[in-house]
Amino acid sequence: MFFFGNKDKKKQKEEEAAKKRSAAIRQQALDNARKARENIGEETLERIRQMMEKKENSPIEQAKRQIKAMDKNRVTDNIRDMIDEDKYK
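Here is what the cut-offs are and how they apply
- Residues numbered from 1 in each chain as written.
- Predicted model: local features only at pLDDT ≥ 70, side-chain atom pairs only at ≥ 80, totals over all residues.
- Heavy atoms only, no water.
- Salt bridge = Lys/Arg side-chain N within 4 Å of Asp/Glu carboxyl O.
- Helix = DSSP H or I, 4+ residues; strand = E, 2+ residues; numbered from the N terminus.
- Buried < 20%, exposed > 50% of the residue type's maximum accessible area, 1.4 Å probe, protein only.

Peer 1: Give a description of the pattern of salt bridges that names residues and reports values.
Peer 2: In the structure shown here, the tally under the stated rule is five salt bridges. Between E46 and R49 there is a salt bridge, with its nearest N and O atoms 2.2 Å apart. With E46 and R49 both in helix α2 (residues 42-56) and three residues apart, this pair spans about one turn of that helix. The class of E46 is partly exposed, set by a relative accessible area of 32%. With its nearest N and O atoms 3.4 Å apart, the salt bridge here joins K64 to E61. Note that K64 and E61 are positioned in helix α3 (residues 59-69) at a spacing of three residues, about one turn of the helix. Here the salt bridges share partners, and the residues they tie into one network are E46, R49 and E53.

Below, the structure is given as structure tokens:
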């Protein structure tokens, strides 16, 4: 009756195998990113970064972040008020 210890060993082996797979996937992702960076070039990546920063800091994006931070009920009430105002104009 040696069945009690097998579950722990089996579980431990599965965890170790999962860690190895995870590490292999991470390494593959890093290698892919490194190759892509080499193919694209640093100048192109810098331009993309600058464009993304400009977009994130645009007034529209700032307004979106402010709306998301606000209370949802208050936002819906304001939108309904704006719609009602348009109906009566």
